[in-house]
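Chain by chain, the residues:
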Amino acid sequence: MKSTIKYKKGLFIGILGILVFPLFLEFTEMIQLKPLKGSYEIPENPEFTLAQWFTGEYQDEKENFIKKSLYVRPVFVRFYNQYHYSFFNIPKANSIIIGKSSYLFGDNYIKEYFGTNFIGHQKIEEKVNKIQRVADTLKAKGIDLIVVLAPGKASFYPEYLPESYDSMSVGTTNYEVYNQQFLSSNIHYLDFKKWYLDIKETSKYPLFPKTGIHWSKYGELIAADSIIHYINSISPTKKAPELLLGKTKVTSDMWGTDDDIEQGMNLMFDIPDLEMAYPHYEYDTLNKQEQPKVLTVADSYYWGMFNFSLSKKAFDNGEFWFYNIDIFPSEEGKPSFVSEIDIVESVEQNDIVMLVSTDANLFKFPFGFIDRLYEAYYSDQLKAPSE
């Protein structure tokens, strides 16, 4: 009887401790908690007014503020996410698909692989014709235009897609038609998707990570090296400094974006990763020459290159127009959005314009950039004849 009472008291104290401990942390902040990753915002603390009190608006806003600003919120979110991942294989993150062997994918990459987001032959042909015409106009002004198609994870690792996709047939894809069109055009064109697949089995290190959505840091570096060599091959006088790769660190501790999907899932425990390669790199500054100024209009597959100073150190401080919306680097006193600038004047300050897209974004490539430039150059021809 006494042992039963002791057991009940111990159980009560334990449960009470579990309930009180988060409150204790909330007020003391004794333990440094790992912050949540991904895109989310903590709402502002609402100001009390009688009007909002009687409508119930204040209570709702206050509840939302308290829930999302709790110091211990990351613990509960990670526990909740880990529970769904471990027991039901469900990712509590938008647009994420868990494949075989815990390989993680974005659903837009899967749509491109199967062709479910195919925009049609005619639309792609029209886009490529516009790119060709703009490229010809720029060439006459001494500016080269280069199209760079980056690989996608689903098309690189189809063997790790979930079993539910095994019976699904592959249709015509945006990449397939764009590739045909670019190969039959005079547009400067680099196809990293094909190259990645060609060297997939022979590459010394993984070209894509297991729990990240972008090309691996190693794959990104060798792609940047190839871009530099291609630019130097078409630039008669100005030369970008070569990217020198040195000693390589191989580790299962992910660097940079090599586990960016997993980070966004906010789990309690890490998913086992592949051993990834991280070469030491630097730019060849011994043979200093005038650099070509390169404007890059790209999706997130250029972020890594921008972050290791490719635009700054190899492309004469060229700008990066992220999705043709934001301008990087952002400088005080200068416009930070493409919509705020004179596009013709800005483009014509460069020696090279480079358009970069992963296959998953080809349905919206080239992000309105060519349409706007085409309209600027040929607006008179686009006007309907007067009656």
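Residues numbered from 1 in each chain as written. Predicted model: local features only at pLDDT ≥ 70, side-chain atom pairs only at ≥ 80, totals over all residues. Heavy atoms only, no water.

Visitor: Help me out: how do you make sense of the pattern of salt bridges in this one?
Guide: Any two side chains of opposite charge can pair if their charged atoms end up close together. Scanning all chains against the criterion turns up 10 salt bridges. Between Lys 200 and Glu 159 there is a salt bridge; the shortest N-O distance is 2.9 Å. Placement of Lys 200 in the loop between helix H9 (192-198) and helix H10 (217-234) and of Glu 159 in the loop between helix H7 (153-156) and helix H8 (174-183) is noted, with a sequence separation of 41 residues between them. Look at the salt bridges and you will find they share partners, linking Lys 238, Glu 290 and Asp 351 into a network. (Salt bridge = Lys/Arg side-chain N within 4 Å of Asp/Glu carboxyl O. Helix = DSSP H or I, 4+ residues; strand = E, 2+ residues; numbered from the N terminus.)

Visitor: Even after reading the chapter, I still don't get the nonpolar core, so can you show me in this structure?
Guide: It is characteristic of soluble globular proteins that their nonpolar side chains tend to be buried jointly. Trp 215, Ile 227, Tyr 302, Met 305, Leu 310, Phe 315 and Met 354 are the most contacted members of the largest nonpolar core, which totals 58 residues. Sorting elements by how many residues they give to this core places H10 first, with 9 residues. When residues no more than four places from it in sequence are discounted, the contact partners of Met 305 are Trp 215, Glu 220, Ala 223, Ala 224, Ile 227 and Leu 310. In this structure, Leu 138, Leu 145, Val 338 and Phe 367 belong to the second largest nonpolar core, which totals 36 residues. (Core = buried A, V, L, I, M, F, W, Y, C linked by side-chain atoms within 4.5 Å. Buried < 20%, exposed > 50% of the residue type's maximum accessible area, 1.4 Å probe, protein only. Contact = heavy atoms within 4.5 Å.)

Visitor: I would appreciate a short explanation of the sheet that holds strand S3 (residues 144-150) in the present structure.
Guide: Pairing between the strands of a sheet comes from backbone hydrogen bonds, and it takes one of two forms, parallel or antiparallel. The mixed open sheet is built from 6 strands, whose spatial order is S4-S3-S10-S7-S8-S9. This sheet does not close on itself; its edge strands, each paired only once, are strand S4 (188-191) and strand S9 (326-328). Strand-to-strand twist across the sheet, computed as the mean angle between neighbouring axes with direction ignored, equals 20°. Here strand S7 (residues 294-298) pairs with strand S10 (residues 352-358) via 5 bridges, running parallel. Note that in S10 the partner of Val 297 across the bridge is Leu 355. (Pairing = 2+ DSSP bridges. Axes fitted to C-alpha atoms, helices over the stretch in contact; angles between N-to-C directions.)

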